[in-house]
Amino acid sequence: MVGERQGHEISMLDATIDMGKKAAATLAFGTCASFGGIPAAKPNPTGAKPVTAIFEENGIKTPVVNVPGCPPHPDWMVGTIAYALTKGLPPVDEYRRPSLFFGSTIHDNCPYLKYYEEGKFARSYGEEGCRLKLGCKGPETYADCWQRQWNNKVNWCVRNAICIGCVQPNFWDEMAPLYEQTTG
Ligand code: SF4
Ligand code: SF4
């Protein structure tokens with residue numbers, strides 16, 4: 001429940017339908033809002049679904065921009081809002097993600113790509129080398145974390161561990177097991 005009106009509880013679903021109908025556009029922040037995310041993972045006991053699915057089921061034509069991430073980077077959120085307010089809705093990819101932030105893969109820009117090409121793979125954390133064998137999902141993940149980084153550019157997932165593909169539509173079910181090689 002997210003509120004109450006005239007003695008009636010308002011669910012997130014009610015609010016999404018009600019506000020979605022009236023909005024000029026809807027920005028779905030986070031992988032749950034964008035694609036269902038962890039709550040929608042099998043067996044999805046609560047019937048969780050993305051904003052786009054709710055709109056479609058209720059005949060709502062309001063355009064949706066997805067800004068996924070588990071969590072979404074603050075720059076992606078602020079940047080998308082700023083772009084929308086100053087220039088209109090940003091160009092998006094096939095999953096409605098702003099191309100500005102989700103236009104190329106982690107892998108193609110990764111500082112460890114040279115190790116991947118040389119076939120030098122880390123077998124444990126802390127070992128020098130590409131993290132593919134540790135489960136890195138960078139080859140199928142589109143985001144700019146490699147240059148944006150997190151916490152004021154202090155660090156990012158691949159330097160510390162691996163990319164788990166948190167911005168992808170098939171996160172969680174198809175990315176699991178996270179810490180085993182599933183791509184390559
Ligand atoms: S698999 Fe992961 S660690 Fe290796 S180059 Fe690609 S993104 Fe970087
Ligand atoms: S590096 Fe991968 S797992 Fe980490 S925030 Fe970026 S997309 Fe998500």
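Residues numbered from 1 in each chain as written. Chains lettered and ligands numbered in written order. Predicted model: local features only at pLDDT ≥ 70, side-chain atom pairs only at ≥ 80, totals over all residues. Heavy atoms only, no water.

1. Here we look at the pairing of strand β4 (residues 64-67)
Right, so step 1: Of the two faces of β4, the one holding V64 and N66 and the one holding V65 and V67 are both buried throughout.
Right, so step 2: As defined by bridge partners, strand β3 (residues 26-29) adjoins β4 across 4 bridges and the pair is classed as parallel. Opposite F29, over in β4, you have V67 as the bridge partner. (Buried < 20%, exposed > 50% of the residue type's maximum accessible area, 1.4 Å probe, protein only. Helix = DSSP H or I, 4+ residues; strand = E, 2+ residues; numbered from the N terminus. Pairing = 2+ DSSP bridges.)

2. Details of the domain arrangement of the protein chain
Right, so step 1: Annotation of the protein chain at the domain level lists domain 1 (1-101) and domain 2 (104-184).
Right, so step 2: One C-alpha centre belongs to domain 1, the other to domain 2, and the line joining them spans 26 Å.
Right, so step 3: Counting residues at the interface gives 20 residues for domain 1 and 14 residues for domain 2.
Right, so step 4: Across the interface of domain 1 and domain 2, roughly 1400 Å² is buried in total on both sides, 61% from carbon and sulfur atoms.
Right, so step 5: The three residues of domain 1 that bury the most area against domain 2 are H73, W76 and R97, which together make up 32% of that side's buried surface.
Right, so step 6: Scanning the region where domain 1 abuts domain 2 turns up 1 salt bridge. (Domains from an automatic or database assignment. Contact = heavy atoms within 4.5 Å. Buried area = accessible area lost by both parts, 1.4 Å probe. Salt bridge = Lys/Arg side-chain N within 4 Å of Asp/Glu carboxyl O.)

3. Comments concerning the site of ligand 2
Right, so step 1: If you check the shell around ligand 2, you find T141, C145, W150, C157, C163, I164, G165, C166 and V167 and nothing else.
Right, so step 2: Placement of ligand 2 is best described as lying within the second largest pocket.
Right, so step 3: Here the residues of the shell around ligand 2 sort into 7 nonpolar, 2 polar and no charged. (Near = heavy atom within 4 Å. 1 Å grid on protein atoms, 1.4 Å probe; cavity = no way out; pocket = protein on both sides within 12 Å on 5 of 7 lines; lining within 4 Å. Sits in = over half its atoms within 2 Å of the grid points. Nonpolar A, V, L, I, M, F, W, Y, C, P; charged D, E, K, R; others polar.)

4. Quick look at empty space enclosed by the protein
Right, so step 1: A full pass over the atoms with the stated rule returns 1 cavity of 30 Å³ or more.
Right, so step 2: If you trace the largest cavity, you find it lined by I106, H107, C110, Y112, L113, C130, R131, L132, C136, G138, P139 and V158.
Right, so step 3: Here the residues of the lining of the largest cavity are counted per class, giving 9 nonpolar, 2 polar and 1 charged. (Points joined across faces, edges and corners; volume = space filled by probe spheres on them.)

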